[in-house]
Amino acid sequence: MDSMGFFKAATANKKVIFSSCSLAVAAALFSLHFGQETPILFKGNKNLCPKLREVPFAEKLGLVKKVTKLNIEGIKAPYNPGLVETSEGFFLVFRHDLKERKRFLGIKTPFRQKIHLGNLKMPFRTFISSLHLDKSFRPVTLPKRVQTGSDFSEDPRLFTFQGDTYLSYNDIQTADVECRTIRIAKLNTDTGETKEPVDFTLNLQRVEKNWAPFIYSDQGKNTIHFEYCFNPHVVMKMEDPLSSDLVHLKVPNHIALQNIPWHKSWGIVRGGTPPILVDGQYLAFFHSFFRQKGKIWYVMGAYTFEAEPPFRVTACSKLPILFKGIYGTKTNNTAYSRKPSIFPSGLTYSHDGEDEVIHVACGENDCGVKIVTFYKEALLKSLTPIPLFSKIQ
């Protein structure tokens, strides 16, 4: 009899009476005793903090069609993926970390080795790798490391510009001061080679991350733009794809600053996916985080903004978007168990059968990748409109 069978028999005979939580813990203990792995059982959303338990799952609201967990051969704990659609399926990039450990007489010890980089001591190496997926998000190639020229590249995003695939990511700026900068480069999706890199060293703050690139077309001329901040909505224009010069698009304060329905108790809205055009407006997903019960909870939401300058934000999630099984990836490698996280970083607009869908590529718990597929119409209708000059009640 397996461990769960033992517990069912015991409870049926009323020899042991457990609450649902106690049963989960006890089942795990018996699994250890019998040398088997049994997942911890959760009923409903009891693995969430009290604040999130009040938020309905997106499946219940009719927003989510399916959730796909990716297993990438040969890669330990991939996360924070970028995604674009191809003619054969999809192309995915992702971050993965490599810890280095000290050795004593050739035997690994539990003490981690710091990595020296000039005057810095880095906790681990951070790589970006890629692979091709079919239309069902099954890998069709082996993962290949993206050649950024750095061992400390993080959090890639993908976008297409003038028929080429571009990679946007953050990286260490120098070997002397712990600063990070945003870089973009043209990416060969077959070889992993990058070329024409551009480094945006603005020195506005110590760490730059989570810029959201998007393409704006004006009378047939495409230009690269970046969302730098959500509220105020700060957008920067890249005049030349080979130059790091950026133009800050200045807009009236009543357009840049909005009364958004996303309550501050959920955290500050931060960059997520690259915005894409959907039904005549840009759609994107963001992330934020808050603290409760000794943990840092990362959540996500969605928003839209106008397709033309000044790119006013027009609608936004009022509550975090949760789905069944969220935060389910078991923490490992460099992930921190006290930081349940969902991090949207890739976005495509596609068809799944007869349905128009939005695929959102997410990192989960800093050690997993999930693709959340939304019904397009239901997702857009779920967002709370943001009227001009009006206050949210």
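Notes on the structure follow.

Considerations on the sheet that holds strand 2 (residues 79-85)
Then comes step 1: Pairing is antiparallel in the open sheet, where four strands are placed in the order 2-3-8-9. Taken across any chain shown, the strands that pair with only one partner, and hence form the sheet edges, are strand 2 and strand 9 (144-145).

Some points on the pairing of strand 10 (residues 154-161)
Then comes step 1: Of all eight residues that make up strand 10, seven are buried, and the element is covered over most of its length.
Then comes step 2: Judged from the six bridges that link them, strand 10 and strand 11 (residues 164-172) form a sheet pairing that is antiparallel. Residue pairing in the sheet places Phe159 in a bridge with Tyr166 of strand 11.
Then comes step 3: Between strand 10 and the antiparallel strand that follows it, strand 11, lie two residues; Gln162 among them carries a positive phi value of about 50°.

Observations concerning the pattern of salt bridges
Then comes step 1: Overall, the coordinates contain 22 salt bridges when judged by the stated rule.
Then comes step 2: Note that Arg95 and Asp97 form a salt bridge whose closest N and O atoms lie 3.0 Å from each other. For the pair Arg95 and Asp97, one class covers both residues: buried.
Then comes step 3: The residue Arg145 makes a salt bridge to Asp151 at a minimum N-O spacing of 2.9 Å.

Focus on the nonpolar core
Then comes step 1: One finds Leu52, Phe285, Tyr327, Ile358 and Phe374 to be the most contacted residues of the largest nonpolar core, which totals 51 residues.
Then comes step 2: One finds Ile72, Phe94, Leu133 and Ala361 within the second-largest nonpolar core, a separate group that totals 13 residues.

Considering the sheet that holds strand 16 (residues 234-238)
Then comes step 1: Taken in spatial order, the four strands line up as 14-15-16-17 in an open sheet, and their pairing is antiparallel. The sheet terminates laterally at strand 14 (212-218) and strand 17 (246-248), the two strands that pair on one side only. Between one strand and the next, the sheet's axes are offset by a mean angle of 35°, whatever the strand orientation.
Then comes step 2: Here strand 14 runs beside strand 15 (residues 221-229); their pairing, made up of seven bridges, is antiparallel. If you follow Ser217 over to strand 15, its bridge partner there is Asn222.

So, empty space enclosed by the protein
Then comes step 1: Tallied over the entire structure, the rule returns one cavity of 30 Å³ or more.
Then comes step 2: The calculated volume of the largest cavity comes to roughly 30 Å³.
Then comes step 3: If you go around the largest cavity, the residues you meet are Asp155, Arg157, Ser168, Tyr169, Asn170, Ile182, Asn210 and Trp211.
Then comes step 4: Contributing elements (two or more residues each) for the lining of the largest cavity: strand 10 and strand 11.
Then comes step 5: Here the lining of the largest cavity takes three residues from strand 11, the largest share from any one element.
Then comes step 6: Looking at the lining of the largest cavity residue by residue, the classes come out as three nonpolar, three polar and two charged.

Remarks on the pairing of strand 13 (residues 194-200)
Then comes step 1: Pairing geometry for strand 12 (residues 180-187) and strand 13, over five bridges, is antiparallel. Looking at strand 13, one finds that Lys186 is bridged to Lys195.
Then comes step 2: Taking the residues between adjacent antiparallel strands as the criterion, strand 12 and strand 13 are bridged by six residues, where Gly192 takes a positive phi near 80°.

Focus: the side chain of His225
Then comes step 1: Relative to the elements of secondary structure, His225 occurs in strand 15.
Then comes step 2: A residue is classified by how much of its surface remains accessible, and His225, at 2% relative accessible area, is buried.
Then comes step 3: Among the polar contacts listed, one links the side chain of His225 to the backbone oxygen of Thr223, at a separation of 3.4 Å.
Then comes step 4: Look past the residues within four positions of His225 in its chain and what remains in contact with it is Ala212, Pro213, Phe214, Tyr216, Val235, Met236, Lys237, Leu249 and Phe311.

Some words on the packing of aromatic side chains
Then comes step 1: Scanning the entire structure with this criterion turns up 24 aromatic pairs.
Then comes step 2: Relative to Tyr282, the ring of Phe214 has its centre 4.9 Å away and its plane inclined at 65°; by these criteria the two rings are edge-to-face. Placement of the pair is Phe214 in strand 14 and Tyr282 in strand 19 (residues 281-292), with a sequence separation of 68 residues.
Then comes step 3: Overall, the relative accessible area of 1% leaves Phe214 in the buried class.
Then comes step 4: Following the ring pairs from residue to residue traces out a cluster consisting of Phe214, Tyr216, Phe230, Trp262, Trp266, Tyr282, Phe286, Phe290, Tyr303, Phe305 and Phe311.
Then comes step 5: The ring of Trp266 has Lys51 lying over it, and the distance from NZ or CZ to the ring centre is 4.3 Å.

Rules of the game
Residues numbered from 1 in each chain as written. Predicted model: local features only at pLDDT ≥ 70, side-chain atom pairs only at ≥ 80, totals over all residues. Heavy atoms only, no water. Pairing = 2+ DSSP bridges. Helix = DSSP H or I, 4+ residues; strand = E, 2+ residues; numbered from the N terminus. Buried < 20%, exposed > 50% of the residue type's maximum accessible area, 1.4 Å probe, protein only. Salt bridge = Lys/Arg side-chain N within 4 Å of Asp/Glu carboxyl O. Core = buried A, V, L, I, M, F, W, Y, C linked by side-chain atoms within 4.5 Å. Axes fitted to C-alpha atoms, helices over the stretch in contact; angles between N-to-C directions. 1 Å grid on protein atoms, 1.4 Å probe; cavity = no way out; pocket = protein on both sides within 12 Å on 5 of 7 lines; lining within 4 Å. Points joined across faces, edges and corners; volume = space filled by probe spheres on them. Nonpolar A, V, L, I, M, F, W, Y, C, P; charged D, E, K, R; others polar. Polar contact = N/O pair within 3.5 Å; in protein donor to acceptor, adjacent residues only side chain to side chain. Contact = heavy atoms within 4.5 Å. Phe/Tyr/Trp six-rings, centres within 6.5 Å; stacked < 30°, edge-to-face > 60°. Lys NZ or Arg CZ within 6 Å of the ring centre and 35° of its normal.

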